[in-house]
Amino acid sequence: MPILVVGSVALDSVATPFGHADDTLGGTAMFFTAAASLYDRVNLVAIVGDDFPEADLNYLRSCNVDLDGLQVSPGKTFRWGARYALDMNSRQTLFTELGVFADFHPVVPEAYRHSAIIFLANIQPQLQLEVLEQTSAAASTDEEAPLVALDTMNLWIDTTRDALTAVLRRVEVVLMAEEEVRQYANTPSLRVGARQIFELGPKLLVIKQGSYGALLLGADGSYFAAPSYPLEDVRDPTGAGDAFAGGFLGALAAERARGRALTLSDYRRALVHGNIMGSFACEDFSVNRLRGLTPADISARYRELVDYTHFEGSWRGETH
Ligand code: AMP
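Every value quoted in this text rests on a predicted model; they were computed, and no experiment measured them.

Draft legend 1. Highlighting the pattern of salt bridges. Taken as a whole, this structure holds 15 salt bridges when the rule is applied. The salt bridge involving Arg-113 is made with Glu-110; its shortest N-O contact spans 3.9 Å. When its relative accessible area of 56% is taken as the criterion, Glu-110 is described as exposed. Here Lys-208 and Asp-151 are joined by a salt bridge, their closest N and O atoms 3.2 Å apart. Separated by 57 residues along the polypeptide, Lys-208 in strand β12 (residues 204-208) and Asp-151 in strand β10 (residues 147-151) bring together distant segments of the chain. Using a relative accessible area of 13% as the deciding quantity, one classes Lys-208 as buried. Judged by its relative accessible area of 3%, Asp-151 is buried.

Below you can see the structure in the form of C-alpha cells.
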C-alpha cells in the first residue's frame, strides 16, 4: 500500500553542541521517506537541483522508493542551515536558500494517484493543495479514498494562514507540534485547540511533544498519550518530526495492506512507531541512523516501549 509524500529534499548544514554536518541529506520529505520506506513503498514527489550529489541519489535508489515524481532541475538544491543550543530544543535557523524549490510545482505521476496514504509534509500550503487537486479525482469509491495527512510549521501559520486552513479542511489526519496547535488555535488548551481543528473537518490530531512523546486526539473525544523513547544521547533532532510521521504513517500503511479498515488500536500502535522513528532520527545527523535500520531494530524498541508504559487496569483502592 504505497504512501505518497510531497515535501522538501534538502542539503542541510546543522551544528549542535555535539558536532556538525554540512550539505548533508535532509528535508521534510527526505526524513519522512527514510523512515516510512522501512515499512512500505514510498512514492516521492519533490525537487532537487542538478548539484544534488550522486551518492545521495544512490541512497534513495537503494530505498523502497519510487523516484518518478522526483524532479531534477537545472539550478541549486534547496539548502537550509541551523544551530542548536545546549538544551537541544531551541534552534536558530541560520539560512534558507530556496534554489530550485522557489519555482517548484509538484507533478504527481499518474501511477501515484491511487496511493493508499498521502502525506503532505511541511511545505507551503499552496503546494500541498496542488497535490490534492491532482489526487482527489482518482478515488471513485469511499474504500478507494486515500488517508490524507498533513504536517505544517509556525511559518505558514504566521504567513499563509488562510491557505493552511483550506488544506486543513481537506485532510483526515493532522500532525502538529504542541506549540503550533496553540499558535493556530490561539489558546493555551490543547483540547480546546484540537476541537477548533476538528471543526474544520479532520478526524484525528497528532500532537508532537518533542522529547516528551506524542498525543492522539480524536474528533469523537478519544485521547491517547505515548511517551518518547528515553534516549541517552541526542546528537541532532533535525527531522525528528518528519521521521515520526514516517513511522506513524508507515505503520498504518502496513496495517492497511492487510485489507481491513483501520481501528483506533492501529492508530495507537502507529503513534508508538512514530516515537520510535523520531528517536532513531535524533541519534545521528541527517538520515544516518535511519539508513540500514532493520525490522528487528524497530521491534526491539517497540517491545521496550510496551514494557516501559504498561500498567495494570485495576488498583487496590478501587471501589466496586
Ligand atoms: P524539522 O526538524 O522537523 O523542523 O525538519 C527540518 C527539515 O525541514 C530540514 O531538513 C530542512 O531542510 C527542512 N525545512 C526547513 N525549512 C523548510 C521550509 N521552509 N520548507 C520546507 N522544508 C524546510
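Draft legend 2. Main features of helix α10 (residues 295-309). Spanning 15 residues, α10 covers 21 Å between terminal C-alpha atoms, matching the ideal 21 Å at 1.5 Å per step. Every buried residue of α10 is listed here: Ile-298, Arg-301, Tyr-302 and Leu-305. Down the axis of α10, the buried side of the element spans an arc of 105°, and every buried residue falls inside it. Pointing more than 90 degrees away from the buried face of α10 are the exposed residues Ala-296, Arg-303 and Asp-307. As for α10, its buried residues are in contact with β14 (223-227) and α9 (264-282).

Draft legend 3. Main features of the site of the ligand. The immediate surroundings of the ligand are formed by 16 residues, with Ser-8, Asp-12, Gly-27, Arg-91 and Gly-239 found nearest. Contact distances for the ligand include 2.8 Å between a nitrogen atom and a side-chain N or O atom of Ser-8. Between the ligand and the protein, one listed contact pairs an oxygen atom with a backbone N or O atom of Gly-27 at 2.7 Å. Compared with its free state, where it exposes 510 Å², the ligand has 87% of that area covered by protein. Those elements that provide at least two residues to the shell around the ligand are β2 (10-16) and α1 (28-36). Per-class residue counts for the shell around the ligand are six nonpolar, seven polar and three charged.

Draft legend 4. Just the side chain of Thr-238, in detail. When you line up the elements, Thr-238 lands in the loop between β14 and α8 (240-256). For Thr-238, a relative accessible area of 5% gives the class buried. Beyond its immediate sequence surroundings of up to four residues, Thr-238 is in contact with Asp-12, Val-14, Phe-31, Trp-80, Tyr-84 and Arg-91.

Conventions adopted
- Every chain's residues receive numbers from 1 upward, in the order its sequence appears when written.
- For a predicted model such as this one, the threshold for reporting local features is a pLDDT of at least 70, and the threshold for listing and counting side-chain atom pairs is 80 or more; totals across whole chains, interfaces and linings nevertheless cover every residue.
- For side-chain calculations, the full set of non-hydrogen atoms in the structure is used, while hydrogens and water are omitted.
- The rule for a salt bridge is simple: a side-chain nitrogen of Lys or Arg has to be within 4 Å of a carboxyl oxygen of Asp or Glu.
- Only protein chains enter the accessibility calculation, which uses a 1.4 Å probe. A residue is then buried if its area is under 20% of the maximum for its type, exposed if over 50%, and partly exposed in between.
- Runs of E in the DSSP output that reach at least two residues are strands. Runs of H or I that reach at least four are helices, and both are numbered from the N terminus.
- The span expected for a helix works out to 1.5 Å for each residue beyond the first.
- In this description, one arc is meant: the one made by directions from the helix axis to the C-beta atoms.
- Pairs of residues are marked as contacts when any of their non-hydrogen atoms sit within 4.5 Å.
- Throughout this document, a residue counts as near a molecule or strand when at least one of its heavy atoms sits within 4 Å of that molecule or strand.
- In protein, a polar contact requires one atom able to donate a hydrogen and another able to accept it; more generally it is a pair of N or O atoms within 3.5 Å, and residues adjacent in sequence count only if both atoms are side-chain atoms.
- Every accessible area reported is derived by Shrake-Rupley at a probe size of 1.4 Å, with residue values counting cover from the shown protein chains alone.
- By the convention adopted, Pro, Cys, Tyr, Trp, Phe, Met, Ile, Leu, Val and Ala count as nonpolar, Lys, Arg, Asp and Glu as charged, and the other residues, Gly among them, as polar.

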